[in-house]
Amino acid sequence: AAARIALALQKTRGETMQRIISTVLAYGPLPRVQARGKQIVRRLVADKKTVDGVVHFVLPVELGRVEIVPDVPARVVAAAVEEVRELSRDQGPLL
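The shown structure was predicted, so the numbers you read here are calculated from the model rather than taken from an experiment. (Residues numbered from 1 in each chain as written. Predicted model: local features only at pLDDT ≥ 70, side-chain atom pairs only at ≥ 80, totals over all residues. Heavy atoms only, no water.)

Some thoughts on the overall build of the chain
Along the chain, the regular secondary structure elements total 4 helices and 3 strands. Starting at the N terminus and walking to the C terminus, you meet the elements of the chain as α-α-α-β-β-β-α. Relative to a compact globule of 95 residues, whose C-alpha radius of gyration would be 12 Å, the chain shows 13 Å and is just as compact. Along the first, second and third principal axes, the C-alpha set of the chain runs to 40 × 30 × 20 Å. A burial count over the chain gives 27% of its 95 residues as buried. Sequence-distant contacts in the chain: of pairs separated by 6 or more residues, those separated by 24 or more amount to 66%. Element-wise, carbon and sulfur atoms account for 54% of the exposed surface of the chain, whose accessible area totals about 6400 Å². Across the chain, the centroid of the 15 positively charged side chains sits 4 Å from that of the 10 negatively charged ones. (Helix = DSSP H or I, 4+ residues; strand = E, 2+ residues; numbered from the N terminus. Rg over C-alpha atoms; globule rule 2.2 N^0.38 Å. Buried < 20%, exposed > 50% of the residue type's maximum accessible area, 1.4 Å probe, protein only. Contact = heavy atoms within 4.5 Å. Areas by Shrake-Rupley, 256 points an atom, 1.4 Å probe, with all protein chains shown as cover. Lys, Arg positive; Asp, Glu negative; His and termini not counted. Charge placed at Lys NZ, Arg CZ, Asp CG, Glu CD.)

Written as structure tokens, this is what we have:
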């Protein structure tokens, strides 16, 4: 999801995102994701990267380089989770 968020925020290029996704999928199918994007967004406030109510994301800028980004819009996070959820369908065991 981080690569898709980075692309949506124009922190990375489409080619970089695709390489990351291809590399992950080369290790095997994703486990099936049941959580919805909005559910994940609600749970992020308890994440260890949340400081003073602001969620920080570690996003890939290019291969081997990341950037810490605060205040990613909830709609961007939810959309990225939904994309991963769709990608995971019929790929692996239900988790």
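Description of the side chain of Thr12
Inspection of the secondary structure assignment puts Thr12 in the loop between helix 1 (2-8) and helix 2 (14-26). One polar contact links the side chain of Thr12 to the main-chain carbonyl oxygen of Val61, over a distance of 2.9 Å. Discounting chain neighbours no more than four positions away, the residues touching Thr12 are Ala3, Ala6, Leu7, Pro60, Val61 and Glu62. (Polar contact = N/O pair within 3.5 Å; in protein donor to acceptor, adjacent residues only side chain to side chain.)

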